[in-house]
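Listed below, chain by chain, are the residues.
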Amino acid sequence: MKRGMTKREKKEARAGWLFISPWIIGFTCLTGGPLLFSLYASFTNYNMTSRMDFIGLENYIRMFVKDPVFWKSLGNTLYYVLLAVPSSCVCAIFLATLLNRKVKGTPVFRMLFYLPTVLSGVAVYQLWIQLLAPQSGLINSALRLIGIEGPSWLADPSWTKPSLVMMRVWALGTSMLLYLSSMNSVSKDLYEAADIDGASFLQKFRKITLPQISPIIFFDIITNMTGAFQVFQEALVMSKNGKGDPAGSLLFYNLHIYDEAFTRYNMGYASAMAWFLLVIVMAITLINLVASKYWVHTEEGET
Amino acid sequence: MKRKKLIGLLLATVLGITSLAGCGNTNSTDTAGSETSGAEESAESTDAAGTEGADTEAAASGERIKLEVWDWWGDGQYKYVIEQLCQNFNESQDKYEVVHVNYPWGDVWTKALAATAAGNPPDIIIQDIRTVTHRGQANQATDLTDLIAQEGEGFTDQFYPQLMDAMVYDGKVYGLPYVTDTRILYYDKDAFAEAGLDPEAPPQTWDELVEYARKLDVQNEDGTYERLGFYPGTLEWNAWAFSADGKDYTDAEGNVTVNTPEKVELFENIYTDFYEYYGKKELDSFSAEFGSGMTNPFVAGKVAMWVNTPTEFTKVRDFAPEKNYGVALMPALKEGGEHYSWGGGFSVEIPYGAKDVEGSWEFAKFITSKESQVYWASQVYDTVANIEASQDPSLTEIPVFKAALEAMPTTVVTLDRLTAPGASDIVLPYLDEIILGNKTPQEALDEAQAQVEQLVSDNK
């Protein structure tokens, strides 16, 4: 480890830094300052216009002890993450496996499945509100064809989060592409050798494909989880009052932050909440990182 | 190598989450964008006005000081009317030129907040009447007390007192009330006749409301409803709670009135007479199909009675001009009781740091004047805050206006008090639990009462 870098390694390192430089520059010049500012603000009663007094840990105490909906919003968000991340991972891998088959017309299907990712924003949510309409919505109409009376999705607190998860899974194009490309890069020799040994499709999938794409699974889980923790717009648009209706079932962490910051002007408290979320996400990421040693396969055989 | 990889991954995560920890920052970058554009605009306007602050010079040279009024009236009749008012103002004097700038509903206040924090606010803004005190306390709105004093005795008497009260924080006035609203009962006279009810006798009490509703129901063979006699979901649950006894959740002294016997009784009625009787799912499915325009349920005859704003009548007018309907006060909880109703509204404020308070004040006075308010009301049918305007004979000819005016004395305008910020957001999920049948009204409202009491004691 202590040996000096070879010329090639130096060159690669330089290229590496160059590649991530947009993010590093953006981070240090743009986001870094406000980030530190919000850390300081989290210890004050900052309201953007008239006050910014240091109040110590009061915001954090309020968060854990006093705020009646803090735990609810955190619970809702965790529920959503636990449901959304695994289901979109499994679905993305499943789709990628199907699309990896050399069948006629796969490019068309690839495009079709990627399409939802390109669409975004409020238009999509409006579309889903219509799809999820209990009587005339496409989803319940389809369920009725097979004899199931679907729930009233967005009006029933126990179905609102699954509705949003469904919407998220529908737009998994990016993950799917990642899996697809990593599956494509798995060495054909491995499959050939497995074929010679008479391995079944499932065996090949489990013993070759999954371990080979495990670094991508890991990456996908981390980014997906980070994204899922930030669920916000969907709830703002799709809950009837924009505040997490019905029965507070769509009151996600970020929606609560937004409400505190911009409708009640408690910017200091909102910053404290944001930082606590960072701590949670970091902790989960670290756990993942440690756990990954046991299931993520690395090419060099270092693990 | 391994360590390097670890660091790389950690760095990647940090980068991934930055946008999250900096939630406020994401927004501030976003608003930074709008600020820059705002700065450009104001730069332009100062250019246009010649030298800064040289009012007389500007007036003399024919150049006017450009002021921006921010609101969300971006289309239809509202846009037309506000632009007309700006034009009227611009023609009435030669010192200022007011331009109407609209942002989407909700966004406008966030943008204005960021702009105010950055010291480059709009000149006039239309704001939520419930939260004027918050902006007064946080120094986001200009104190208008002295300007009002200059107008002479009785200036504020031209507005409804409950609305004017909402403008005051710590003895100082931070806005002028603009419009308010109330909720009234609409009923379908033809459906009444068809069901054997007297079309000229709308229900006066809850008991009558339920009785009539049952007679007006029309059920399909498969058990679904072709027409509902009454659908309670058009009014937010909080508003129902306020209309039970005409009381907000808290008052100025910090008393909490969430679990009053009247509120409990009203929710028992709503739950047993409607959500239990028809089934929540049935009502949800029914209401999920509600549309606007031709498919507006009252217009389309899917609902025979409902509670809505006076403005709602324009939809009937536009999409079913032939419809034979009547309006009445909201039913009283009990025989002989008051017909309480609920309303919100908007205020005209001058954000703190506005560049030309004089000019902004002139415009604020202009659009809250009797003449402008009569024009506003006659075009968009809002209940205006100016008492004389709201009682103008040309307006009271319109039946909904008459009903709205009658409802005003018993309409409670709720506030988001500094002693209980967000109280209604805290109570709402408990009301949902009642409707879902998870909690009895007494249980739910008792729990909500305790939560709000806690909130009040935390904010004392």
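Residues numbered from 1 in each chain as written. Chains lettered and ligands numbered in written order. Predicted model: local features only at pLDDT ≥ 70, side-chain atom pairs only at ≥ 80, totals over all residues.

## Looking at the overall build of chain B
Of the regular secondary structure elements, chain B holds 21 helices and 15 strands. A burial count over chain B gives 46% of its 460 residues as buried. (Helix = DSSP H or I, 4+ residues; strand = E, 2+ residues; numbered from the N terminus. Buried ≥ 20, exposed ≤ 12 C-beta atoms within 10 Å, placed from the backbone.)

## Examining the overall build of chain A
The helix and strand tally for chain A stands at 13 helices and 0 strands. Counted from the first residue to the last, chain A has its helices and strands arranged as α-α-α-α-α-α-α-α-α-α-α-α-α. Each principal axis of the C-alpha atoms in chain A carries an extent, and together these give about 70 × 70 × 30 Å. The 303 residues of chain A split such that 35% are buried. Residue pairs in contact within chain A that sit at least 24 positions apart in sequence constitute 67% of those at least 6 positions apart. (Contact = placed C-beta atoms within 7 Å.)

## A word on the sheet that holds strand S7 (residues 184–188) of chain B
Residues and elements named next belong to chain B. Spatial strand order, S8-S9-S10-S7-S11: 5 strands in an open sheet with mixed pairing. The open sheet terminates on both sides in strands that have one partner only, identified here as strand S8 (218–219) and strand S11 (325–328). Direction of pairing for strand S9 (residues 225–230) relative to strand S10 (residues 303–308): parallel, over a ladder of 2 bridges. Within S10, the position partnered with phenylalanine 230 by the bridge is methionine 305. (Pairing = 2+ DSSP bridges.)

## Here we look at the pairing of strand S6 (residues 176–180) of chain B
Residue and element names in this part refer to chain B. Most of S6 is tucked away: 5 of the 5 residues are buried. Where S6 and strand S13 (residues 345–349) come together, 4 bridges link them in antiparallel fashion. Counted as the bridge partner of leucine 176 is valine 348 from S13. Bridge count between S6 and strand S14 (residues 383–384): 2 bridges; the pairing is antiparallel. Opposite threonine 180, over in S14, you have threonine 383 as the bridge partner.

## Some words on the domain arrangement of chain B
Residues and elements named next belong to chain B. What the domain assignment lists for chain B is domain 1 (40–47 + 57–179 + 344–413) and domain 2 (184–246 + 261–340). Taking only C-alpha atoms, the centre of domain 1 and the centre of domain 2 are 34 Å apart. Listed as interface residues are 13 residues of domain 1 and, on the opposing side, 13 residues of domain 2. Ranked by the residues each element gives to the side of domain 1 that touches domain 2, the list is headed by helix H19 (residues 399–407), at 7 residues. Classifying every residue of the side of domain 1 that touches domain 2 by side-chain character gives 9 nonpolar, 2 polar and 2 charged. (Domains from an automatic or database assignment. Nonpolar A, V, L, I, M, F, W, Y, C, P; charged D, E, K, R; others polar.)

## Thoughts on the interface of chain A and chain B
With 49 residues of chain A at the contact, the number on the chain B side is 40 residues. Only helix H1 (7–41), helix H10 (201–229), helix H12 (253–263) and helix H13 (267–295) of chain A provide two or more residues apiece to the side of chain A that touches chain B. The class makeup of the residues in the side of chain A that touches chain B is 27 nonpolar, 16 polar and 6 charged.

## A word on the environment of A:Leu172
Residue and element names in this part refer to chain A. For leucine 172, the location among the structural elements is in the loop between helix H7 (157–170) and helix H8 (173–184). Between the alpha carbons of leucine 172 and phenylalanine 113 there is a distance of 8.1 Å; along the sequence they are 59 residues apart. In this view, leucine 172 contacts Ser88, Cys91 and Ala92; residues no more than four positions away in its chain are not counted.

## A short note on the pairing of S10(B)
All names here are of chain B. The element S10 is largely enclosed, with a buried count of 5 among its 6 residues. Note: S7 against S10, 4 bridges, orientation antiparallel. Residue pairing across strands places tyrosine 187 opposite methionine 305, the latter belonging to S10.

## Overview of the confidence of the model for chain A
In low-pLDDT segments, the atomic positions of the prediction should not be examined closely. Confidence along chain A averages 90 in pLDDT terms, with 97% of residues attaining 70 or more. Taking the mean pLDDT of every element in chain A, the minimum, 89, falls on helix H4 (residues 106–118) of chain A and the maximum, 95, on helix H3 (residues 70–99) of chain A. (pLDDT = per-residue confidence, 0-100.)

## Here's the deal with the nonpolar core
All names here are of chain B. In terms of nonpolar packing, the biggest core is built from 169 residues, with Ile184, Leu185, Tyr186, Met305, Val427, Leu431 and Val452 touching the most fellow members. Two domains share this core, each providing at least three of its residues, namely domain 1 (40–47 + 57–179 + 344–413) and domain 2 (184–246 + 261–340). Non-local contacts of valine 427, meaning those with residues more than four positions away in its chain, are made with Asn238, Tyr249, Val258, Ala448 and Val452. (Core = buried A, V, L, I, M, F, W, Y, C linked by C-beta atoms within 7 Å.)

## Regarding helix H20 (residues 423–436) of chain B
All names here are of chain B. The terminal C-alpha atoms of H20, which comprises 14 residues, lie 21 Å apart, in line with the 20 Å expected from a rise of 1.5 Å per residue. A large share of H20 lies buried, amounting to 13 of its 14 residues. Positive phi shows up at glycine 437, right after H20, with a value of about 80°. (Expected span 1.5 Å × (residues − 1).)

## Points about helix H12 (residues 261–278) of chain B
Because each turn of an α-helix spans 3.6 residues, side chains separated by three or four positions in sequence point in the same direction. All names here are of chain B. Compared with the 26 Å implied by 1.5 Å per residue over 18 residues, the 25 Å span of H12 between its first and last C-alpha is a close match. Along H12, the sharpest change in direction is near 30° and occurs at tyrosine 271. Along H12, the residues classified as buried are Lys263, Val264, Leu266, Phe267, Asn269, Ile270, Tyr271, Phe274 and Tyr275. Contact partners of the buried residues in H12: helix H10 (206–216), helix H11 (237–245), helix H13 (280–288), H20 and helix H21 (441–458). Among the residues trailing H12, glycine 279 stands out with phi positive, at a value near 95°. (Bend = angle between axes of the 7 residues up to and from the residue.)

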